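The primary structure of each chain is shown beneath.
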Amino acid sequence: MSKRKIAKKTAAAFGLVLCVAGLTGCGQTASDGKIEVELVSYKPEAVAAMEKIEARFNETHDDIHLTIDSPNEAMTILKTRFIRENYPDIVGIGGDINYSNFLDAELFMDISDLDVTAQVKPAYAEMEKELEFIPQDGIYALPYVANAAGVLYNKDMFEEHGWEVPETWSEFTALCEQIESEGIQPLYLGYKDTWTCLAPWNALAVGLTPSDTCAQVNQGNTTFTDNYREVAEKTEALLEYAEPNPYAYGYNDACTAFARGESAMYTIGNYAIPQIKSVNPDINIDSFTFPANESEADNVLNSGVDLHFCVMKETQNKEAVYEVLRFLYEDETINIYLEDQGGIACKEGDFELPAELEGMRAYIEAGRMTDYQDHHYPSEMSVDAMIQTFLLDESDEAIDTFLARFDSDWIRYNRDLIWKVQQYQKEH
Amino acid sequence: MKSKMTTREKTFWAITIPVVLLFFTFNTLPMLKGFMYSFTNYRGYGDYDYVGFRNYKDLFTDLRVGKSYLFTFKYALVGTVLVNILSLIMALGLNNRIRFKSALRGIYFVPNILGGLVIGYIFSFFFTYIVPAVGNALNISWIQNSILASEKYAWIGVLIVGVWQAVATNTIIYISGLQTVPEDVYEASNLDGATKWQEFWKVTLPLVVPFLTINLVLSTKNLLMVFDQIMSLTKGGPAQSTESISYLIYRNGMDGGQFGFQSANAVIFFFVIVGITVAQLTIMNKKEEQL
Amino acid sequence: MKEEKRTNWVLTFVLILGTITVFFPLYMAFIIAFKQPSEMTNDVAGALAFPSTWSFDNFRQAMEVTDFWRSLGNSLLITIATIVIAIVIHSVAGYAIGRGMAERKSFKLIYFYIVSGMFVPFAILMMPLVKQTAQMGLGNRLGVILLYVVFYMPMNVMLYTGYLKNIPLALEEAAYIDGATTWTTYWKVIFPMMSPMHATVAILTALGTWNDVMTPLVIMSGTGINTLPLAQLNFQTQFGTNYNLAFASYILALIPILLFYIVCQKQILNGVANGAVKG
């Protein structure tokens, strides 16, 4: 290769670099004179609804410009933006441990002076409170839409065979046995993806343990061994009615199997419905609350906040942000979201319930709902994998091993938190 | 001559220093910061406290971390041997007098390009539905169930995919290594009447030893740092039997709130791999000199 | 001489047979890319049977969802820039360190220092790098390219110094006697001789950058600039994955890099044909 050629190549390389540098100049274009409000939503699947909402807001507001971003891997993006101290004004995230952690890191602003917080259904307002590691004064999240989990069932199959929706645990097992005796698979679990192990676990736990179990353990008042035995036993009991070797099949397989009528029921939440319907758009699905107890009156629906809005402490435009939140909380706006995504509105009022959640209506209207237990589990503890490990353990002491490990691992993974909580207790 | 060598050395330094600076800024500096975090309970955001050596103490008593080391080493050891044998054979084959040479090379390169989602879906499907179907047809009991669902065999499933992908990379390096063996060396050995087998051991292998070294180091490192295959195939399951070290560091450090603790894990892991590599390099350098 | 150029047909046949290990999974990917979600079943036929109709609809839709041409442009820009810079900087660094190593111990230390960078788990670097690049104004494509140049430096320096071992010093000394400086000797004599290694480095670097999700995700997030792998995340959400569109998109993304590989392979062969190594 000649020197000239090399020089050319080097020049080309530098040219490219310069060109790249030049291209990166494009940042946010400030719309003239308007206050810019940025909202990052963690639900990329809801991008269409969010775009609609964004357009509507900007049409009706001359002084504020709203940008809603629904990126993929939003949690990673949010965390990296927090590191860069490049905060959006509002974040739309789930009511789970991430929220608790962010709140604990003092990233959010108290929004108790926002009028619409009074319109939140009490059950969801309470759930939000329980997500606080240390009880906080004020309100830090505006719950928007919730999802619910229990048992989805194939309505046509149920009607065809004359099966009744069960209301107690024995009715449920009896139903499973009946379905099995007719040569049909009662349940499909898809436990290869460990997180699916948490679906029935959570749905059973809400009926069998107090909603604040994790907080009580942190305060040193109880142990998981005392609370989770029955949940573990019943989760294990489901295996008998499921596909053989459920650890071979994933969430996707389970959705496909249920959609194709290979099983009569699927212990999962309403969030799985779009995936199921993508395989079989004509399937007729309904649901029921997991009948965890022997008395219907003790059963509780597993429902948690799927999307809520939090205001970042660093925001410079509190008034504009509040205006956005008020707009988001208008019935019409909520309906745009629900039409696209389904789910349960967290606002008091008359919102349409998806047909697939009809079977849970009574619980939703009465507010007989409790949050997912796993919203309180630290994700690094991998409780889902622990449950899978327990279910795979065929020894006689499996439950004891599992519960003992749950307690000891909990203490290990939550050491700093437990210290903080107990410190707080001493002071109050 | 002597003054010439010093200007030569000056040139070397003039090249090396800026490169080292660049490397320091974007590799060593952030690593030192990560090292600092390993003494904290940092979650990745918010404030944190220094906790001294607690993270390091915890590491050595954490069963899950211990299990991940066992899995990772078993995987890397078997994998390195398989990858290097297979890719050397592949490179020799693809460098031989064959037809459709570039087409074949292109085809064998494909496993390298396929991303996580494709690999995960296809091989999960393969192990879940196709292999058991074959097992049933031929009555081979241990593959009648998905091996990815078996605590005992799941690592083999991950290994098969890992090796399948790694062979492609290492073959490329061996092929370019074989290019440095001049044709006339073969001609000479042919004249001497050496068999193919002798030719390989006496002529080819000694000349590709530097590449064997590189491939050993690279494949060991890549296999020790196994992450993509775990993410797409098993997510550490079943029963946490395939959690690799990198998987734990990433999952619990980034997704979970254990950034401080997993930084400590990463620091230890770094020294472990460096140790292994130095050992490999020392042994191989001796071999290179012998040959 | 002529006689030896005969094609080894047995070997050719064996190698063709072996391509089944590649074609079988690839076949599955193709079939899935052409199917509709409703055609996916939980049995062997689900991924092996032909789709009911062969339509390029999935490909068209996938291109729409990923904003294909724009994302492709970004991916190409980042990958090509990385390769060019890597070949220039890493080869010259490999040369300086590799030759220096033979004479001075300090170069050997530098060699080990750089090579050891290969073993730093990315997860530990990630957060400090996010902060650092943002502070330096490098939270953009340039930053990503720069990081790739640093990430692939250990492997590439190792490859170049390894290759250098088989290039005799005598060649350079001849150039010195003609009065050339080390710098010009490198570009005139050594750089061209390393072309098989340039091609190898180009392939390996391209491969890593082309498929990488993590670096652009954490470094450039919020800039609105997508690479292909970033755009492909669109097919996956927490509770659902459209495999059919995703596979169509992956197959599209596979083509440019495959073509690049075939070109580079030719380069590796040409390096020998030029007789450069024979010396």
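### Examining the overall build of chain B
And step 1. Secondary structure summary: chain B contains eleven helices and zero strands in total.
And step 2. Sequence-ordered secondary structure for chain B, helices as α and strands as β, is α-α-α-α-α-α-α-α-α-α-α.
And step 3. Summarising its shape, the C-alpha atoms of chain B cover approximately 75 × 70 × 30 Å along the three principal directions.
And step 4. The buried share of chain B, taken over its 291 residues, is 53%.

### Observations concerning the nonpolar core
And step 1. In this structure, Val324 of chain A together with Val149 and Phe247 of chain C are the most contacted members of the largest nonpolar core, which totals 302 residues.
And step 2. In terms of residue count, helix α6 (residues 154–178) of chain B provides more of this core than any other element does, 15 residues in total.
And step 3. Those residues in contact with Phe247 of chain C that lie beyond four places of it in its chain are Val118 of chain B together with Ala29, Ile32 and Ala33 of chain C.

### Considerations on unusual backbone geometry
Negative phi values dominate among residues other than glycine, just as trans dominates among peptide bonds.
And step 1. Cis geometry is adopted by the peptide bond preceding Pro238 of chain B, which originates at Gly237 of chain B and carries an omega value of -10 degrees.
And step 2. Its place among the elements puts Pro238 of chain B in the loop between α9 (228–233) and α10 (245–255).
And step 3. With phi around 50 degrees, Ser382 of chain A is a residue other than glycine that occupies positive phi space.
And step 4. With respect to the element layout, Ser382 of chain A can be found in the loop between β11 (369–370) and α16 (383–392).

### Re the confidence of the model for chain A
And step 1. This prediction gives chain A a mean pLDDT of 90; 93% of its residues lie at or above 70.
And step 2. Note that residues 1–30 of chain A has pLDDT below 50 and, in this model, 26 contacts with residues that lie over four places away or in other chains.

### Remarks on the interface of chain B and chain C
And step 1. Chain B puts 76 residues into the contact, and the matching count from chain C is 81 residues.
And step 2. Contributions of two or more residues to the side of chain B that touches chain C are made by α1 (2–37), α3 (63–94), α4 (101–113), α5 (116–138), α6, α8 (196–224), α10 and α11 (259–290) of chain B.
And step 3. For the side of chain B that touches chain C, the element with the highest residue contribution is α1 of chain B, accounting for 18 residues.
And step 4. Broken down by class, the residue content of the side of chain B that touches chain C amounts to 46 nonpolar, 22 polar and eight charged.

### A word on the interface of chain A and chain B
And step 1. On the side of chain B, 24 residues touch chain A, which itself brings 23 residues to the contact.
And step 2. For the side of chain A that touches chain B, the secondary-structure elements that each account for two or more residues are α3 (74–84) and α16 of chain A.
And step 3. The element contributing the most residues to the side of chain A that touches chain B is α16 of chain A, with four residues.
And step 4. Residues that form the side of chain A that touches chain B fall into these classes: ten nonpolar, seven polar and six charged.

### Quick notes on the domain arrangement of chain A
And step 1. For chain A, the assigned domains are domain 1 (35–147 + 304–361) and domain 2 (149–302 + 373–427).
And step 2. Each partner contributes to the interface: domain 1 of chain A provides 17 residues, whereas domain 2 of chain A provides 24 residues.

### Some details on the pairing of strand β1 (residues 35–41) of chain A
All names here are of chain A.
And step 1. The buried fraction of β1 is high, at five of seven residues.
And step 2. Since β1 and strand β2 (residues 64–69) lie parallel, the crossover through helix α2 (residues 47–60) that links them has a hand, and here it is right-handed.
And step 3. Bridge analysis of β1 against strand β3 (residues 90–93) gives three bridges, and the strand direction is parallel. Counted as the bridge partner of Leu39 is Ile90 from β3.

### Looking at the packing of helix α10 (residues 170–177) of chain C against helix α11 (residues 182–193) of chain C
Residues and elements named next belong to chain C.
And step 1. At their nearest, the axes of α10 and α11 sit 10 Å apart, and the two run at 135 degrees to each other. It follows that α10 is oblique to α11 by the angle criterion. Our pair here, α10 against α11, has a crossing hand that is right-handed. In this structure, α10 contributes Leu171, Glu172, Ala175 and Tyr176 to the contact, and α11 contributes Thr185, Lys188, Val189 and Ile190.
And step 2. Looking at side-chain class alone, the contact of α10 with α11 contains five nonpolar, one polar and two charged residues.

### Section: the sheet that holds strand β5 (residues 151–154) of chain A
Residue and element names in this part refer to chain A.
And step 1. Taken in spatial order, the four strands make up an open sheet running β6-β7-β5-β8, and their pairing is mixed. Here the strands that pair on one side only, and so sit at the sheet edges, are β6 (185–187) and β8 (285–288). Along the sheet, successive strands turn relative to each other by an average axial angle of 20 degrees, direction set aside.
And step 2. Strand direction decides the pairing type here: β6 and strand β7 (residues 263–266), joined by two bridges, are parallel. Residue pairing across strands places Gln185 opposite Ser263, the latter belonging to β7.

What counts and what doesn't
Residues numbered from 1 in each chain as written. Chains lettered and ligands numbered in written order. Predicted model: local features only at pLDDT ≥ 70, side-chain atom pairs only at ≥ 80, totals over all residues. Helix = DSSP H or I, 4+ residues; strand = E, 2+ residues; numbered from the N terminus. Buried ≥ 20, exposed ≤ 12 C-beta atoms within 10 Å, placed from the backbone. Core = buried A, V, L, I, M, F, W, Y, C linked by C-beta atoms within 7 Å. Contact = placed C-beta atoms within 7 Å. pLDDT = per-residue confidence, 0-100. Nonpolar A, V, L, I, M, F, W, Y, C, P; charged D, E, K, R; others polar. Domains from an automatic or database assignment. Right-handed = clockwise from strand over helix to strand, strands pointing away. Pairing = 2+ DSSP bridges. Axes fitted to C-alpha atoms, helices over the stretch in contact; angles between N-to-C directions. Parallel < 35°, antiparallel > 145°, perpendicular 65-115°, else oblique. Left-handed = near helix turned anticlockwise from the far one by under 90°.

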